[in-house]
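Analysis of the macromolecular model
Chain by chain, the residues run as shown.
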Amino acid sequence: MTTAKHPSNATATPEAAQAQLPNRIEWRFLLAVLLPLGAIFQVLHDPSNAIWGVVVSWLLIAAIDHFLPGAQTSPAPVSVNALHVWVVRMHVPAQLGLMACAAWAASSADWPTVIGLAIMVGWVSGAQGITFAHELGHSKLKFDRFLGWVLMISIWYAHFMVEHYRGHHPRAATFEDPASSRRGESFYAFWPRTVVGCFTSAWQLEAQRLKQWKQGWLQSPLVWSFTLNLLLVAAFIGVGAIKIAVGWLVASVVAFSLLELVNYIEHYGLQRQFVTNAAGKTAREPFAPPHAWNANHWLTNALLVNLQRHSDHHTRAWKPFATLEHSPAPCPQLPTGYAGSILLALVPPLWFKVMNARLDALASNTQK
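Here's what I pulled together on the structure shown here. (Residues numbered from 1 in each chain as written. Predicted model: local features only at pLDDT ≥ 70, side-chain atom pairs only at ≥ 80, totals over all residues. Heavy atoms only, no water.)

1. Quick look at the overall build of the protein chain
Heads up, the condition is: Secondary structure elements are taken from DSSP: a helix is a run of H or I of four residues or more, a strand is a run of E of two residues or more, and numbering for both begins at the N terminus. Computation of the radius of gyration draws on C-alpha atoms alone. For the globule rule, the value is 2.2 Å times the number of residues to the power 0.38. Each residue's exposure class comes from its accessible area (1.4 Å probe, protein chains only) as a fraction of the maximum for that residue type: buried when under 20%, exposed when over 50%, partly exposed otherwise.
A tally of helices and strands in the protein chain yields 15 helices and two strands. Relative to the globule expectation of 21 Å for 368 residues, the C-alpha radius of gyration of the protein chain, 21 Å, shows essentially globular dimensions. Over its C-alpha atoms, taken along the principal directions, the protein chain stretches across nearly 65 × 55 × 45 Å. By residue count, 52% of the 368 residues in the protein chain fall in the buried class.

2. Digging into the environment of Leu 230
With respect to the secondary-structure elements, Leu 230 resides in helix α10 (residues 221-238). Judged by relative accessible area, Leu 230 falls into the partly exposed class, the value being 41%. The spatial distance from the C-alpha of Leu 230 to the C-alpha of Glu 135 is 26 Å, given a sequence separation of 95 residues.

3. Re unusual backbone geometry
Cis geometry marks the peptide bond from Ala 329 to Pro 330, where omega comes out at 15 degrees. One can find Pro 330 in the loop between α13 (310-315) and α14 (338-345). Even without being glycine, Ala 173 reaches a positive phi, approximately 65 degrees. Examined against the element boundaries, Ala 173 turns out to sit in the loop between α8 (160-171) and α9 (187-212). Ala 173 sits in the buried class, given a relative accessible area of 0%. Backbone geometry at Lys 214 places phi at a positive 55 degrees, although glycine is not the residue there. Looking at Lys 214, the relative accessible area reads 78%, which means it is exposed.

4. Overview of the nonpolar core
Where a protein is soluble and globular, its nonpolar side chains tend to be buried together. Counted only if it meets this: Residues belong to a common nonpolar core when they are buried Ala, Val, Leu, Ile, Met, Phe, Trp, Tyr or Cys residues joined through side-chain atoms within 4.5 Å. The contact criterion used is simple: two residues touch if any of their non-hydrogen atoms lie within 4.5 Å.
In this structure, Leu 98, Met 120, Tyr 264, Ile 265, Trp 293, Leu 334 and Trp 351 are the most contacted members of the largest nonpolar core, which totals 53 residues. Each residue touching Tyr 264, except ones within four places of it in the same chain, is listed here: Ser 181, Glu 185, Ser 186, Phe 187, Phe 190, Ala 345, Trp 351 and Phe 352. In terms of nonpolar packing, the next biggest core, distinct from the first, is built from 33 residues, Leu 147, Ile 155, Val 195 and Ala 202 among them.

Next comes the structure, spelled out in structure tokens:
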């Protein structure tokens, strides 16, 4: 039987793991500023063609990932430095600035332009904003976690800040996890299940936390963030800024749908099995590298701060993005980077043809 293991010592402490890594600045992560800054430029100079900026950028990233020689490999992990920390934090003002510029442009634009702007804002917010909120939420610093909440509140998905860390991480790659897709389940069937399931789970988990700490709902950031969303959209409608309100809601749906597309591809068809321990009790096996799909494509890893190194992230969630390692085969490998894999997932027959064959190959390897 072949077992996929991570190349590093999974028992290493954060400090020991950091000490073993080279102290080198990875300037490639500065590419992450291109999407929000490019989107702001598009809004200010040609908002009517915002949708084409999304299409061209997405296809270009997918093409570079898949076809450019050498683009399928990212550099080895390095230790954390100031650039790696601030490139994530600075996305917060960049995203809020983009949303403000888009709102200003939408207020006097026709409806096709409003929807195009919303899709562009949603694309940047979903691809990078949520990714960076995810990284900030894993931080030990309250300031970083607060910034993560700000980003998720901006796209009406603040419950992610509860469900992801207390729900998805313990339950990933099980049927109990609404954010893990199942074999043969299309994205279009997965979307309503995960959106409703994650929202419901977040509130249940928050209720448990408040009960444990003997606190009331008025002490819950989840309540205040949801209330803030409702008040803001009501204020826009109240002053007659209907286009801004509609644009914000459309952008939010685009953003969290992109998040759920990423969730869909990250654990598709992978399941942790039930095992019996020495005491004769049956329980789920611990999360291991074979329970997440990985990719190591250079450009997407630069833009999404190594999110594609997903097995390492789940097995050691305390690791900052720069320190994440690629988990090579026999760990599950996506057919291409996230940009291309997401496009593939939007066409279920193609997705099933490619990914189910990979699931069968994985199953065959584990039986040897």
